[in-house]
Amino acid sequence: MTGAMDSYLEWDLLAHEPDCASPAWTIDTRTEYNAYRLRHDGVSHDCRNQECGHGDNFARTTLRIVCSCCGAAYVMTGEETPEATSTQALGYGQPPRRIAGLYLYPGEPLLHGWGESAGPHDQLVTARRVPRLQADDVIGQITQSRGKRGAVRWSACAVPSAEGTYGIRPLRWTRVEVDFRSVAAAAKWIAARHAERAEGGDPS
């Protein structure tokens, strides 16, 4: 499962030419199911893992991305065939929810959206709605967990700081609280910590 940070942060937009008057991409894919891997006089490519399809012949997918206005183009190839999915399964691409005056951007749901925990496993929290989420926009994170008897609980992180005690790059936090019974309660706690910081109070 991909976490919310991996879904939203540290992605790069493909660049159009600076003078592009109508930036838009046409995206096409093509899969060659029996492409040949060049050996360059080496030995046959093989993999001992029976579940792995590596060999001299493989499926190669090419992704072609073109702007007909400015002429910018990108070509990418890989050994995975495209997998159709949805924004509901990814989390990314869905609009953020507004709770406690904040905006919650969803990550992937547990078990691909099946079962009692069908909501997102974690969510990034911002003070304002943004068209494209960046690390500097994020003021908190809410993550699903389990209580002592297996009930769904939520933990929250707040007050981002590069020197924070909690979390992993690219986001670290100075405040963490666990065992919230709802996303709304976790969001209210993050809102309070954000207000304290904005007022110059002690965030610790």
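Structural notes, computed from the coordinates. A quick note: this is a predicted structure, and the numbers were derived from the prediction, not measured.

1. What to know about the overall build of the protein
Working step 1: Counting secondary structure elements, the protein contains three helices and 10 strands.
Working step 2: In the protein, buried positions account for 32% of the 204 residues.
Working step 3: Residue pairs in contact within the protein that sit at least 24 positions apart in sequence constitute 48% of those at least 6 positions apart.
Working step 4: Accessible surface for the protein amounts to roughly 13,500 Å². Of this, 50% is attributable to carbon and sulfur atoms.

2. Description of unusual backbone geometry
Working step 1: Across the junction of arginine 169 and proline 170, the peptide omega takes the value 10°, indicating a cis bond.
Working step 2: Structurally, proline 170 can be placed in the loop between strand E9 (166–168) and strand E10 (171–180).
Working step 3: Even without a glycine there, the phi angle at alanine 100 is positive, about 55°.
Working step 4: Look at alanine 100 and you get partly exposed, because its relative accessible area is 38%.
Working step 5: The phi torsion at valine 159 lies on the positive side, around 60°, for a residue other than glycine.
Working step 6: Within the fold, valine 159 resides in strand E8 (residues 152–160).

3. Overview of the packing of aromatic side chains
Working step 1: Throughout the structure, instances matching the rule amount to four aromatic pairs.
Working step 2: Ring centres of phenylalanine 180 and tryptophan 189 lie 6.0 Å apart, and the angle between their planes is 50°; this geometry places the pair in the tilted category. Take phenylalanine 180 and tryptophan 189: they sit in the same class, and that class is buried.
Working step 3: Following the ring pairs from residue to residue traces out a cluster consisting of Tyr8, Tyr92 and Tyr105.

4. Looking at the environment of threonine 2
Working step 1: Structurally, threonine 2 can be placed in the segment before helix H1 (4–8).
Working step 2: Classification of threonine 2 by relative accessible area gives partly exposed; the value is 31%.
Working step 3: Distance in space between the C-alpha atoms of threonine 2 and leucine 90 is 8.3 Å, their sequence separation being 88 residues.
Working step 4: In this structure, threonine 2 is in contact with Ser7 and Glu108, ignoring residues within four places of it in sequence.

5. Some points on the sheet that holds strand E5 (residues 102–106)
Working step 1: The seven strands lie next to each other as E4-E5-E6-E7-E8-E10-E9, forming an open sheet whose pairing is antiparallel. Two strands close off the open sheet at either side, each with one partner strand: strand E4 (97–99) and E9. Across this sheet, the average inter-strand angle for adjacent strands is 35°, counted without regard to direction.
Working step 2: Strands in contact with helix H3 (residues 183–198) are E4, E5, strand E6 (122–126), strand E7 (138–146), E8 and E10; relative to E8, the strand with the most contacts, it is inclined by about 15°.

Definitions and limits used
- Residues numbered from 1 in each chain as written.
- Predicted model: local features only at pLDDT ≥ 70, side-chain atom pairs only at ≥ 80, totals over all residues.
- Heavy atoms only, no water.
- Helix = DSSP H or I, 4+ residues; strand = E, 2+ residues; numbered from the N terminus.
- Buried < 20%, exposed > 50% of the residue type's maximum accessible area, 1.4 Å probe, protein only.
- Contact = heavy atoms within 4.5 Å.
- Areas by Shrake-Rupley, 256 points an atom, 1.4 Å probe, with all protein chains shown as cover.
- Phe/Tyr/Trp six-rings, centres within 6.5 Å; stacked < 30°, edge-to-face > 60°.
- Pairing = 2+ DSSP bridges.
- Axes fitted to C-alpha atoms, helices over the stretch in contact; angles between N-to-C directions.

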